[in-house]
Amino acid sequence: MRAVLRTVNRVFLGLVGLILLALGGSVLAVGLGVSAPSWWIHDGKHDVLLSNAERTRWREDGWWWPVVIAALAVLLLFALWRLVAVLRRRRLAEVLVDTGDGEGALVRGRALENVLTQEADHIDGVDGAQAHLKGGHSTPEAHVRLALEPHVDPGTALNDFTTGALTHARTSAGLASLPAEVRLKGVKHGAERVS
């Protein structure tokens, strides 16, 4: 689902960018003296974007300017929200691994997440797991969700995860520490019949 949303987002942004580029380029071309077609909104080099008649058309109507300002404010807030969402990284892309020779190597964050998830899935009583890495390249933090079956003791499952999957990930990446936030959730199950 995320891949579809990412594709839709990129196509939408690409189309908006192409439309704005075409409009801006055409206005610049007309401003530099290129002759415009008869149906184009600008006639020539000294034409203005909005004439006096267009600018003052709804001056007497009290609703016009508040609606324009509100619409522009909503567009600005939406654009700022999208900018923050694009710039903020939710996941750690790479983890710096000390190779012992002073150079270091980069391991993809998704690869380490997949290993954590797969190893956590094999713990007895864990019905599903999800792992995400956040933080810095040399100081990653694991955020893990474990879905536990009804018969499992949460303390035992947490101990198995920290001594197994988490320790393996920390030692294989050569990290001094790998702090983790683990959220446990019980799997929904039907009522059992007692006779």
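Described below are features of the structure shown in this document.

1. Examining the sheet that holds strand S3 (residues 126–135)
Part 1: On the basis of which strands lie adjacent, the open sheet formed by three strands has the order S3-S4-S5 and mixed pairing. Only two strands of the sheet have a single partner each, and these edge strands are S3 and strand S5 (180–186). Averaged over all neighbouring strand pairs, the angle between strand axes comes to 15 degrees, with direction disregarded.
Part 2: In this sheet, strand S4 (residues 140–148) lies alongside S3 in antiparallel orientation, the contact comprising nine bridges. The partner of Lys-134 across the bridge, within S4, is Glu-141.
Part 3: Where helix H4 (residues 109–121) meets the sheet, its contacts fall on S3 and S4, and the angle it forms with S3 comes to roughly 155 degrees.
Part 4: The strands that helix H5 (residues 154–172) touches are S4 and S5; relative to S4, the one it contacts most, it runs at about 140 degrees.

2. What about H4?
Part 1: In this model H4 runs 18 Å from its N-terminal to its C-terminal C-alpha over 13 residues, within 8% of the 18 Å that 1.5 Å per residue would give.
Part 2: What H4 keeps buried is the set Gly-109, Leu-112, Glu-113, Leu-116, Thr-117 and Ala-120. Down the axis of H4, the sector holding all buried residues measures 135 degrees, keeping them to one side.
Part 3: Residues of H4 that are buried in the fold lie against strand S1 (94–97), strand S2 (105–108), S3, S4 and H5.

3. Observations concerning the nonpolar core
Part 1: Counting residues in each nonpolar core, the largest one holds 24 residues, and the members touching the most others are Leu-116, Leu-133, Leu-146 and Phe-161.
Part 2: Of all the secondary structure elements, the ones that give two or more residues to this core are S1, H4, S3, S4 and H5.
Part 3: Of all the elements, H5 adds the most residues to this core, at five residues.
Part 4: Contacts of Leu-116, omitting those with residues within four sequence positions, involve Ala-131, Leu-133, Ala-142, Phe-161, Ala-165, Leu-166 and Ala-169.

4. Concerning H5
Part 1: Between its first and last C-alpha, H5 extends 26 Å over 19 residues, near the 27 Å set by a 1.5 Å rise per residue.
Part 2: The largest bend in H5 is about 35 degrees, located at Leu-166.
Part 3: Those residues of H5 that sit buried are Ala-157, Phe-161, Gly-164, Ala-165, Leu-166 and Ala-169.
Part 4: Two residues or fewer after H5 comes Gly-174, characterised by a positive phi angle close to 70 degrees.

5. Let's talk about the pattern of salt bridges
Part 1: All told, the structure shown has one salt bridge when counted by the stated rule.
Part 2: The partner of Glu-181 in a salt bridge is Arg-183, and the shortest N-O contact between them spans 2.9 Å.
Part 3: With a relative accessible area of 35%, Glu-181 lands in the partly exposed category.

6. Section: the packing of aromatic side chains
Part 1: Going through the model one piece at a time under the given rule, you end up with two aromatic pairs.
Part 2: Ring geometry for Trp-63 and Trp-64: centres 5.7 Å apart, planes at 85 degrees, overall edge-to-face.
Part 3: With relative accessibility at 22%, the residue Trp-64 sits in the partly exposed group.
Part 4: Between Phe-78 and Trp-81, the aromatic rings sit 5.8 Å apart at their centres with planes inclined by 40 degrees, giving tilted as the arrangement. With Phe-78 and Trp-81 both in helix H3 (residues 64–87), this residue pair falls three residues apart, about one helical turn.
Part 5: The class for Phe-78 is partly exposed, based on a relative accessible area of 45%.

About the cut-offs
- Residues numbered from 1 in each chain as written.
- Predicted model: local features only at pLDDT ≥ 70, side-chain atom pairs only at ≥ 80, totals over all residues.
- Heavy atoms only, no water.
- Pairing = 2+ DSSP bridges.
- Helix = DSSP H or I, 4+ residues; strand = E, 2+ residues; numbered from the N terminus.
- Axes fitted to C-alpha atoms, helices over the stretch in contact; angles between N-to-C directions.
- Contact = heavy atoms within 4.5 Å.
- Expected span 1.5 Å × (residues − 1).
- Buried < 20%, exposed > 50% of the residue type's maximum accessible area, 1.4 Å probe, protein only.
- Arc of directions from axis to C-beta.
- Core = buried A, V, L, I, M, F, W, Y, C linked by side-chain atoms within 4.5 Å.
- Bend = angle between axes of the 7 residues up to and from the residue.
- Salt bridge = Lys/Arg side-chain N within 4 Å of Asp/Glu carboxyl O.
- Phe/Tyr/Trp six-rings, centres within 6.5 Å; stacked < 30°, edge-to-face > 60°.

Purely spatial values, then, with no claim about function.
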